[in-house]
Each structure stands twice: as structure tokens, then as C-alpha cells.
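# Residue-level structure breakdown
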Amino acid sequence: MNMVKEINVGLISPPTPFEGAKDKRGIFQNTSHIIGFEFDGTACFRKGTKAGPNALRAVSDGIESYSPYLDADLEDISFVDLGNLPIDLSINEQSCQADIENAYSNANDAFNTLFENVALKENNIRIVTLGGEHSISYAPIKKYLSEYPDLVILHLDAHADLRDGYLGYHYSHAAIIRRITDHFGKDNKLIQYGIRSGTREEYQWMKAHQTLKKSRAEFLASVEAIAQDTPVYLTLDLDYFDPSFFPGTGTPEPGGEDFHSLISLCKILRSKYFVGCDVVELAPKIDSTGNSDVFAAKVVRELLLCLAGPSTA
């Protein structure tokens, strides 16, 4: 593992790193890097997602490192767990808007400082950002867009997240995809699937921009059609999954997908130029069984294996 950059921000070590992560502190070539973003300040229904990154890490040692779906093993790939971004964890529903926005801004600044002057594409560096609410996707996706002008973003979610701000927050978790498209160039593309909740205006936007795929078959076909040399980034809100499978999320919506829909996607992504992802909106305390934590950990396992590519099989 060749180091590209030493850690230069005060990252917080998690109580338990993700199982199988190399015991290294730095940013390395040809390596995936897990980073946690413990923030749920703009969550508008049920909070608790700031506990998501550590919760799924904590149960990761209880699942096998081998994926029978992909015939691949975490033991055979290179990835590190950098820990969590520094953030004021006292932020809650009683905090004033200025404090919430300041905490969010400071954590984004820490992310930007961490990966400042780091050439992701040149060094084959991949980032897996763990949330937290969906607004945390802004900093990593903006970084990816700056390096990959033809980036395709796959957005799996129950919600369109296309509001132009919500409840006074310009960077609300309900506005994250709109904020990301603010930085789109002419060659960027958005593909959305699983959306089953949104305003009339959001659905009109998706129709006008032809981003929403209405069936699993249509969605998977659209991913298959992506050229082999086109970079792909996945932003995955875990409420994409039906609450009967995944109840531990702040804004559940019936009518969602199952785990095998993700596996179907993963089997395609392994042969694509898959460069990074984020996994957001696990709220551990909402599911007292802990099943959602395990579900999320397995999702991260599969995505880590996808990012390593087909050579791990």
C-alpha cells in the first residue's frame, strides 16, 4: 500500500473499525477508504442517523467476510477505515439552526481538508462515506464531480431529494440531489430508482430530465448500458429498502425494494468503472432488534467488494 497523504485532520477513531479494514492511518493508492459522517441535524421526521456509522461497524465482525453473492472476500482486498469526521455530536432537535448549519459546515470542511490535493482518479482512490443523514453526501460527491467530469450518479432512495431546500435548510437531506445537480456539467448524468415519495414538482423535474427509472428491469438495463470507461458513483439512502426488511431509518416508505435488488446491481457494478459510494440514513435506535444494523453492514460489505472490481473473484 503506497501512501498518498498522511491524515491531516482530527478524525475520531470509531469504537470498532469495519471488520477486515487494514490497520493503517493515511490515504493510499489502489485502496478504498471508509469515512463516517455522524450528522442528522436537518432530519425532519425521526432523528438518530448520526449513530449509523458506528452501529454498522459494531456488527460487522458478526458477518462473514465472504460474499456468496459475488464469490469474493474482504480478506482479499485492500481497504482502510479512517474513522469519523470531527463534528459536534451534541447537535439535536433543540439546537438552533445556526449551530446545526455550523456543525455541518465544519464537518464538510474537514472532509475537504482530508482529501485536499488528493487525486482520486490518478491514484485509484475510492471513498465509502457512511451517514448520517443524506445531506452528508454533498462533500464527497462534489469532490468526485471535480475529478470525473463525466461521472454518472446512481441514486437509490425512497425520496426524490430534489427540493430546493427544506424547512429553512439549503443543504437539507431532502434537497441533497438538487444541491448535487447544481454542480453538474454537460457530461454528468443522474439515474434514480426506488423513488416512491416526493412533491408534484419533484416528479415533474424527474420527468422533464428523464432521470427516474420505474422498474427494476429498466433501472438495471440503464446501468448495464453505461460505457465501460464511464465512472459511476452510487448514493444509497437505506430507506430505498422496504421497511419490512429495513425498519431502522428515519423516514420509512412502504413499497420498497429488497436486498436482492442491490445484489443484482452489484453484479453489474463489478464490471463497471465504479469509483465511490455513500450509504446513509441508518437510524439504529429505531430498530431495537438490531437487524437493520446487520443489513447495513452487509450492504457495505458488498459495495466494498464491488469497488475492488472483478479481480477479487
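These figures come from a predicted structure and were not determined experimentally.

## Thoughts on the overall build of the protein chain
The secondary structure content of the protein chain amounts to nine helices and twelve strands. A globule of 313 residues ought to have a C-alpha radius of gyration of about 20 Å, and the protein chain, at 18 Å, matches this closely. In terms of overall dimensions, the protein chain has a C-alpha envelope of 50 × 45 × 40 Å along the principal axes. Across the 313 residues in the protein chain, those meeting the buried criterion constitute 57%. Per element, the accessible surface of the protein chain, about 12,600 Å² overall, is 48% carbon and sulfur. Charge centroids of the protein chain, computed over 29 positive and 43 negative side chains, lie 4 Å from each other.

## What about the side chain of N123?
Tracing the backbone through its elements, the reader meets N123 in helix α3 (residues 120-123). Using a relative accessible area of 10% as the deciding quantity, one classes N123 as buried. In this structure, N123 is in contact with V4, Q29 and N30, ignoring residues within four places of it in sequence.

## A look at the pattern of salt bridges
Per the counting criterion, the structure on display carries eight salt bridges. Across the pair R179 and D182 runs a salt bridge whose closest N-O atoms are separated by 2.8 Å. Between R216 and E257 there is a salt bridge whose closest N-O contact spans 2.6 Å. Of this pair, R216 sits in helix α7 (residues 216-224) while E257 sits in the loop between β11 (231-237) and α8 (259-269), and the two are 41 residues apart along the sequence.

## Describing the side chain of E38
When you line up the elements, E38 lands in the loop between β3 (31-37) and α1 (52-59). For the buried E38, no salt bridge is present, and the opposite-charge side chain at shortest range is R57, 6.1 Å distant. In this structure the side chain of E38 is engaged in a polar contact, spanning 3.4 Å, whose partner is the side chain of N54. In contact with E38, other than residues within four places in its own chain, are K50, P53, N54, N84, L85, I87 and L89.

## Looking at helix α4 (residues 138-147)
With eight of ten residues buried, α4 is to be regarded as a mostly interior element. The set of residues buried in α4 consists of Y138, A139, P140, I141, K143, Y144, L145 and E147.

## Focus: the packing of helix α2 (residues 97-114) against α4
Packing of α2 against α4 brings their axes to within 9 Å, and their N-to-C directions diverge by 35°. The chirality of how α2 crosses α4 is right-handed. Seen from α2, the contacting residues are Y104, N108, F111 and N112; seen from α4, they are Y138, A139, P140 and K143. Taken together, the residues that form the contact of α2 with α4 break down as five nonpolar, two polar and one charged.

## A few points about the sheet that holds β3
As summarised here, the arrangement of the eight strands in space is β6-β3-β7-β12-β11-β8-β9-β10, forming an open sheet in which the pairing is parallel. Of all the strands in the sheet, the pair left with one neighbour each is β6 (79-84) and β10 (212-213). Relative to strand β7 (residues 125-131), β3 runs parallel, the two sharing seven bridges. Across the sheet, the residue bridging to I35 is T129, located in β7. Each of β3, β6 and β7 touches α2; the most contacted strand, β3, lies at about 165° to it.

What counts, and at which threshold
Residues numbered from 1 in each chain as written. Predicted model: local features only at pLDDT ≥ 70, side-chain atom pairs only at ≥ 80, totals over all residues. Heavy atoms only, no water. Helix = DSSP H or I, 4+ residues; strand = E, 2+ residues; numbered from the N terminus. Rg over C-alpha atoms; globule rule 2.2 N^0.38 Å. Buried < 20%, exposed > 50% of the residue type's maximum accessible area, 1.4 Å probe, protein only. Areas by Shrake-Rupley, 256 points an atom, 1.4 Å probe, with all protein chains shown as cover. Lys, Arg positive; Asp, Glu negative; His and termini not counted. Charge placed at Lys NZ, Arg CZ, Asp CG, Glu CD. Contact = heavy atoms within 4.5 Å. Salt bridge = Lys/Arg side-chain N within 4 Å of Asp/Glu carboxyl O. Polar contact = N/O pair within 3.5 Å; in protein donor to acceptor, adjacent residues only side chain to side chain. Axes fitted to C-alpha atoms, helices over the stretch in contact; angles between N-to-C directions. Left-handed = near helix turned anticlockwise from the far one by under 90°. Nonpolar A, V, L, I, M, F, W, Y, C, P; charged D, E, K, R; others polar. Pairing = 2+ DSSP bridges.

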